[in-house]
Number of protein chains: 2
Amino acid sequence: MVDKQAHSTGRGPGPGRPRQERVTGAVLDAVVALVAERGMSAVTMDAVAMRAGVSKPAMYRRWPTKQALIIAAAEARIGLLEVPDLGDFRAELRVVLAARVEAYRRPGVDRLLAGVIGASAEVGAERGAYGEYAARVMGETRRILERGIDRGDVRPDTDIAAAATLVAGSLAFRMVGEQRLPDDALVESVVDLIGRAVCVNP
Amino acid sequence: MVDKQAHSTGRGPGPGRPRQERVTGAVLDAVVALVAERGMSAVTMDAVAMRAGVSKPAMYRRWPTKQALIIAAAEARIGLLEVPDLGDFRAELRVVLAARVEAYRRPGVDRLLAGVIGASAEVGAERGAYGEYAARVMGETRRILERGIDRGDVRPDTDIAAAATLVAGSLAFRMVGEQRLPDDALVESVVDLIGRAVCVNP
C-alpha cells in the first residue's frame, strides 16, 4: 500500500504531482532526521509536521498512523530494487547487497532500521504491516534466486524463502545486532557463502 | 560484564546466593512480562521493581541503567550456549539453531528481542554494550566453525565472522523482520545452506 503510493507519486501527469512529491520527500526526510537526532520516541505526527512544514491533515491523508509513516520512511531509504539479468546469480546478488550497504550507510538509516524494528514490538503495532514491508524488501532476492533456477546456475532444490532470509538477515544483523556498519568485505563474503550454498557450481 | 554476573549468580557457597538468584530471576522475569504485555516503553526501573517486589536500590546495585537491565533480561533468555563436540559441523549447527528457536518461541521473547534492538537506537544508548551482547550470543557459532576447521570438515578459508553473522541473522530476521516465528523447517534449511557454504563436503 505504502509502496504503491511511493511508486505512483510524481508519476502521473496531474499538475499537483511534483508538489506532492516534494511534500512526501520533506515528510520522510523529517522522519529520518528526527530518528537520527532524537530517536524513534521523538517521532510524533506533530513533530514531523512541524519539521517538514506540512499541515497535519495533509500528513494524515497519506499516512494515517505513525506506523504507516515510519514504514514509508524506511521504504524510501531501504526499498524495492530492480536488478537486471546479468546472466550470473552471484553478480546479481552482489548488486542487491551493494545497494543495501549503500543505503544502510546513509546518515540516520542505522537508527531508523533499529527504530522500525523496535516500533514493531510496541503495543498496538499492526505487526503484519512490518512483515509485509520486509517481504517487499526481500522480493528482489527471491526474484534473482528464481531467475537463477530458470537460467540453471541456481540449484532447483533451493529453499528460496530461507535463502532470502539469510541474505536479508546478514546485513541487517551486522548493523542492528552487532552494531557495525556492513561494508564491501561483508558483501563479498556473503556473495561467496550464499553462492556456494545455492549455486550449481559452488 | 552482565554475562559474568549471570554465571556467577548462585554458583558460590555464600548463604546469600540462592536468595540473590531468586531476586535476579524475579527481576528479569518482570522485564520480559512488562515488555510482552505493554512494550519496551513500559519498562522503567520503577515498574520493574514494583512488579518483581524488589527495592530499587537493590536493582540499581546490579543493573545501573535500564539498558543494562534489558540486556540482562535478553541474555537470560537468549544467552550463551555450550555445544559438545559431536564430530560433525552440521550436527553442531543444528543444536545451536534448535536452542535458539526454542528460546525465541518462549512467550514475550519476540517482543523483547525487537525491543532490545529498538532501545539500542535510542539517544543515550551505549551502543557498544548491545554489540558486545550480540558478540557473546554469536560466540558458540564461531567456536563450532573453528572446531570444524580444526577437525577438517569446515573449509579453512571460511570467513568465520561473516558465517556467524549469517547464522545469527537468519533466525533473528525471520522473527523481527518478517514477523514470523522461526521453526524447525527453517532450522533444517539453514543447516543445509550454511553446511553447503562452509563444509568441505557440500
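Residues numbered from 1 in each chain as written. Chains lettered and ligands numbered in written order. Predicted model: local features only at pLDDT ≥ 70, side-chain atom pairs only at ≥ 80, totals over all residues. Heavy atoms only, no water.

### Digging into the domain arrangement of chain A
Often, the extent of an interface is quoted as the loss of accessible area upon association of its parts.
All names here are of chain A.
Now for step 1: Domain assignment breaks chain A into domain 1 (2-66) and domain 2 (76-198).
Now for step 2: Taken over C-alpha atoms, the centre of domain 1 sits 25 Å from the centre of domain 2.
Now for step 3: Between domain 1 and domain 2, the contact holds 12 residues from the first and 10 residues from the second.
Now for step 4: Note on domain 1 versus domain 2: buried area summed over both sides is about 840 Å², and carbon and sulfur give 70% of it.
Now for step 5: Where domain 1 touches domain 2, the interface holds one salt bridge.
Now for step 6: Among the salt bridges present, the one from Asp-29 reaches Arg-77, with a minimum N-O distance of 2.8 Å. (Domains from an automatic or database assignment. Contact = heavy atoms within 4.5 Å. Buried area = accessible area lost by both parts, 1.4 Å probe. Salt bridge = Lys/Arg side-chain N within 4 Å of Asp/Glu carboxyl O.)

### A closer look at the side chain of B:Arg196
Now for step 1: Looking at the element boundaries, B:Arg196 is found in helix α10 (residues 184-198).
Now for step 2: From its side chain, B:Arg196 meets the backbone oxygen of A:Ala197 in a polar contact 2.7 Å long. (Helix = DSSP H or I, 4+ residues; strand = E, 2+ residues; numbered from the N terminus. Polar contact = N/O pair within 3.5 Å; in protein donor to acceptor, adjacent residues only side chain to side chain.)

### Focus: the packing of helix α9 (residues 160-176) of chain B against α10(B)
All names here are of chain B.
Now for step 1: Where α9 contacts α10, the two axes come as close as 11 Å, and the packing angle between them is 160°. One element, α9, and the other, α10, form an angle in the roughly antiparallel class. Note that α9 runs across α10; the crossing there is right-handed. From α9, Ala-163, Leu-166, Val-167, Ser-170, Leu-171 and Arg-174 reach across to α10, where they touch Leu-186, Val-190, Ile-194 and Val-198.
Now for step 2: For the contact of α9 with α10, the residue count by class is eight nonpolar, one polar and one charged. (Axes fitted to C-alpha atoms, helices over the stretch in contact; angles between N-to-C directions. Parallel < 35°, antiparallel > 145°, perpendicular 65-115°, else oblique. Left-handed = near helix turned anticlockwise from the far one by under 90°. Nonpolar A, V, L, I, M, F, W, Y, C, P; charged D, E, K, R; others polar.)

### A few points about the state of the cysteines
Now for step 1: Evaluated as defined, the whole model comprises zero disulfides over all chains.
Now for step 2: The structure places no disulfide on A:Cys199, whose sulfur is separated from the nearest cysteine sulfur, that of B:Cys199, by 17 Å.
Now for step 3: Residue class for B:Cys199 comes out buried when judged on its relative accessible area of 4%. (Disulfide = S-S within 2.5 Å. Buried < 20%, exposed > 50% of the residue type's maximum accessible area, 1.4 Å probe, protein only.)

### Some thoughts on the nonpolar core
Now for step 1: Core analysis: the biggest nonpolar cluster contains 147 residues, and A:Val27, A:Val198, B:Val27 and B:Val198 have the highest contact counts within it.
Now for step 2: Non-local contacts of A:Val198, meaning those with residues more than four positions away in its chain, are made with A:Phe89, A:Leu145, A:Asp153, A:Val154, A:Arg155, A:Thr158, A:Ala163 and B:Leu193. (Core = buried A, V, L, I, M, F, W, Y, C linked by side-chain atoms within 4.5 Å.)

### Focus: the environment of B:Gly39
Now for step 1: As for its placement among the helices and strands, B:Gly39 is situated in the loop between α2 (17-38) and α3 (45-52).
Now for step 2: Separated by 16 residues in sequence, B:Gly39 and B:Val23 place their C-alpha atoms 22 Å apart.
Now for step 3: In contact with B:Gly39, other than residues within four places in its own chain, are A:Ala121, A:Glu122, A:Val123, B:Leu34 and B:Arg111.

### Points about the interface of chain B and chain A
Now for step 1: Residue-level contacts link 45 residues of chain B with 45 residues of chain A.
Now for step 2: For the pair chain B and chain A, the two sides together bury roughly 3900 Å², of which 60% comes from carbon and sulfur.
Now for step 3: We note a salt bridge from A:Arg127 to B:Asp110, for which the minimum N-O separation is 3.4 Å.
Now for step 4: Counting every contact that joins chain B to chain A gives 20 residue pairs in polar contact (both at pLDDT 80 or more).

### Here we look at the layout of surface pockets
Now for step 1: Here the largest pocket is characterised by a volume of approximately 570 Å³.
Now for step 2: Elements with a contribution of two residues or more to the lining of the largest pocket: α5 (66-77) and α7 (109-120) of chain A together with α5 (66-77) and α7 (109-120) of chain B.
Now for step 3: Ranked by residue count, the leading element in the lining of the largest pocket is α7(B), at four residues.
Now for step 4: Here the residues of the lining of the largest pocket are counted per class, giving 13 nonpolar, 10 polar and four charged. (1 Å grid on protein atoms, 1.4 Å probe; cavity = no way out; pocket = protein on both sides within 12 Å on 5 of 7 lines; lining within 4 Å. Points joined across faces, edges and corners; volume = space filled by probe spheres on them.)

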